[in-house]
Amino acid sequence: MSSSKPRFSPEEVTVVFLLGGPGSGKGTQSTNLVRDYGFVHLSAGDLLRGEQIREGSEYGQLIKTYITEGKIVPMEITVALLSNAMAEHLAKYPDTVKNGKKARFLIDGFPRKLDQAVFFEDTVCPSQFTLFLDCPEEVMEGRLLKRGETSGRDDDNAESIRKRFRTFVETSMPVVDEFAKQDKVISVSATGTVEEVYIRIQDGFEKRGVKPSA
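What counts, and at which threshold
Residues numbered from 1 in each chain as written. Predicted model: local features only at pLDDT ≥ 70, side-chain atom pairs only at ≥ 80, totals over all residues. Heavy atoms only, no water. Helix = DSSP H or I, 4+ residues; strand = E, 2+ residues; numbered from the N terminus. Rg over C-alpha atoms; globule rule 2.2 N^0.38 Å. Buried < 20%, exposed > 50% of the residue type's maximum accessible area, 1.4 Å probe, protein only. Contact = heavy atoms within 4.5 Å. Areas by Shrake-Rupley, 256 points an atom, 1.4 Å probe, with all protein chains shown as cover. Lys, Arg positive; Asp, Glu negative; His and termini not counted. Charge placed at Lys NZ, Arg CZ, Asp CG, Glu CD. Pairing = 2+ DSSP bridges. 1 Å grid on protein atoms, 1.4 Å probe; cavity = no way out; pocket = protein on both sides within 12 Å on 5 of 7 lines; lining within 4 Å. Points joined across faces, edges and corners; volume = space filled by probe spheres on them. Core = buried A, V, L, I, M, F, W, Y, C linked by side-chain atoms within 4.5 Å. Expected span 1.5 Å × (residues − 1). Bend = angle between axes of the 7 residues up to and from the residue. Axes fitted to C-alpha atoms, helices over the stretch in contact; angles between N-to-C directions. Parallel < 35°, antiparallel > 145°, perpendicular 65-115°, else oblique. Left-handed = near helix turned anticlockwise from the far one by under 90°.

A word on the overall build of the protein
Then comes step 1: A tally of regular secondary structure across the protein gives nine helices and five strands.
Then comes step 2: For the protein, the sequential pattern of α-helices and β-strands runs β-α-β-α-α-α-α-β-α-β-α-α-β-α.
Then comes step 3: In terms of overall size, the protein behaves like a compact globule, its C-alpha atoms giving a radius of gyration of 17 Å where 214 residues would be expected to give roughly 17 Å.
Then comes step 4: Residue burial in the protein is summarised as follows: out of 214 residues, 43% are buried.
Then comes step 5: Long-range contacts, defined here as pairs at least 24 residues apart, represent 78% of the contacts in the protein between residues at least 6 apart.
Then comes step 6: Accessible area for the protein stands at about 11,300 Å²; split by element, carbon and sulfur atoms hold 51% of it.
Then comes step 7: Charge centroids of the protein, computed over 29 positive and 32 negative side chains, lie 2 Å from each other.

In structure tokens, the structure reads:
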């Protein structure tokens, strides 16, 4: 473990991790949480996809190879992108912290592995809790194949989807299990309508004392 302090303090920022298998509804529910709770939504996947096409990026081709093969990008790259995105937001809206309100960051699709979770909390900021969208594999596959008809994403096909499922179960579920041991998980059934799932999420947030933003 590093002896240096994390870049951000939990006194200044609230970090909530959002985890769930591919197609569990993370993007959809993120939109609701941004609207009602004032979260800044940071998608690890979006940041990585943006970086791989950014002109002059030293990581672009490497990220592209990892994503296409359904493998996890080295955590130092992902954590640096997330940390810098948080810093850019705080620099853009410095009054958020000055006014006694904590900036809220919803980090979507991260951490994907236990060592990523430890590295992020040691170097960037400890999380408040993880929101886990629990969804059966067949439901997620149906959603992703439907999305693939219009998304244009080259990983929305049956073969890539199954690779992503395996990766999630093998590497990301241990993260959920570890945070659950620390009583830092809100687990929500992600089946049913978007509205039904969101009501469950709001109930979980209420129990943790997280109120909608005024």
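Having seen the model, we can carry on.
Here's the deal with the pairing of strand β2 (residues 39-43)
Both faces of the sheet carry side chains from a regular strand, because those side chains alternate between them.
Then comes step 1: Across the five residues that make up β2, a large majority, four, are buried.
Then comes step 2: Both β2 and strand β3 (residues 103-108) contribute to a ladder of five bridges, which runs parallel. Counterpart to H41 in the pairing with β3 is L106.

Notes on unusual backbone geometry
Then comes step 1: The amide bond that connects F110 to the next residue, P111, takes the cis arrangement and shows omega of 0 degrees.
Then comes step 2: Here P111 shows up in the loop between β3 and α6 (114-123).
Then comes step 3: Backbone geometry at D183 places phi at a positive 55 degrees, although glycine is not the residue there.
Then comes step 4: Within the fold, D183 resides in the loop between α8 (158-181) and β5 (185-189).

Considerations on the layout of surface pockets
Then comes step 1: Looking at the largest pocket, its volume works out to about 1,000 Å³.
Then comes step 2: Lining the largest pocket are 43 residues, with P22, K26, R147, R153 and R164 sitting closest to its centre.
Then comes step 3: For the lining of the largest pocket, the secondary-structure elements that each account for two or more residues are β1 (13-20), α1 (26-37), β2, α2 (44-53), α7 (137-151), α8 and α9 (194-207).
Then comes step 4: Considering every element that reaches the lining of the largest pocket, the biggest residue donor is α2, with five residues.

Some thoughts on the nonpolar core
Then comes step 1: Ranked by internal contacts, the top residues of the largest apolar core, which has 28 residues, are V13, M86 and F120.
Then comes step 2: Within the residue set of this core, elements represented by two or more residues are β1, β2, α4 (75-92), β3, α6 and α8.
Then comes step 3: Counting residues in hydrophobic clusters, the runner-up holds 22 residues, among them F165, I186, I201 and F205.

Points about α8
Then comes step 1: Over its 24 residues, α8 runs 34 Å from end to end, which matches the ideal 34 Å to within 8%, given 1.5 Å per residue.
Then comes step 2: Along its length, α8 reaches its greatest deviation from straightness, about 40 degrees, at S172, and the proline P174 lies no more than four positions downstream.
Then comes step 3: Those residues of α8 that sit buried are S160, I161, R164, F165, T167, F168, T171, S172, V175, V176 and F179.
Then comes step 4: The inward-facing, buried residues of α8 contact β1, α3 (60-68), α6, β4 (129-134), α7 and β5.
Then comes step 5: D183 sits one or two residues past α8 and shows a positive phi near 55 degrees.

Brief notes about the environment of K5
Then comes step 1: Relative to the assigned elements, K5 resides in the segment before β1.
Then comes step 2: Since its relative accessible area comes to 74%, K5 is described here as exposed.
Then comes step 3: With 39 residues separating them in the primary sequence, K5 and A44 have C-alpha atoms 23 Å apart.

Some points on the packing of α2 against α3
Helices that pack against each other are described as a pair by the angle of their axes relative to one another and the distance between those axes.
Then comes step 1: Packing of α2 against α3 brings their axes to within 7 Å, and their N-to-C directions diverge by 130 degrees. Taken together, the axes of α2 and α3 lie oblique to each other. You can see that α2 and α3 cross each other, and the crossing is left-handed. Here L48, R49, E51 and Q52 of α2 lie close against α3, whose contacting residues are G60, I63, K64 and I67.

Considerations on the environment of T78
Then comes step 1: Considering the arrangement of structural elements, one finds T78 in helix α4.
Then comes step 2: Residue class for T78 comes out buried when judged on its relative accessible area of 5%.
Then comes step 3: Placed 27 residues apart in sequence, T78 and E51 show a C-alpha to C-alpha distance of 10.0 Å.
Then comes step 4: With sequence-adjacent residues up to four places away left out, T78 is seen in contact with A44, L48, V73 and F110.

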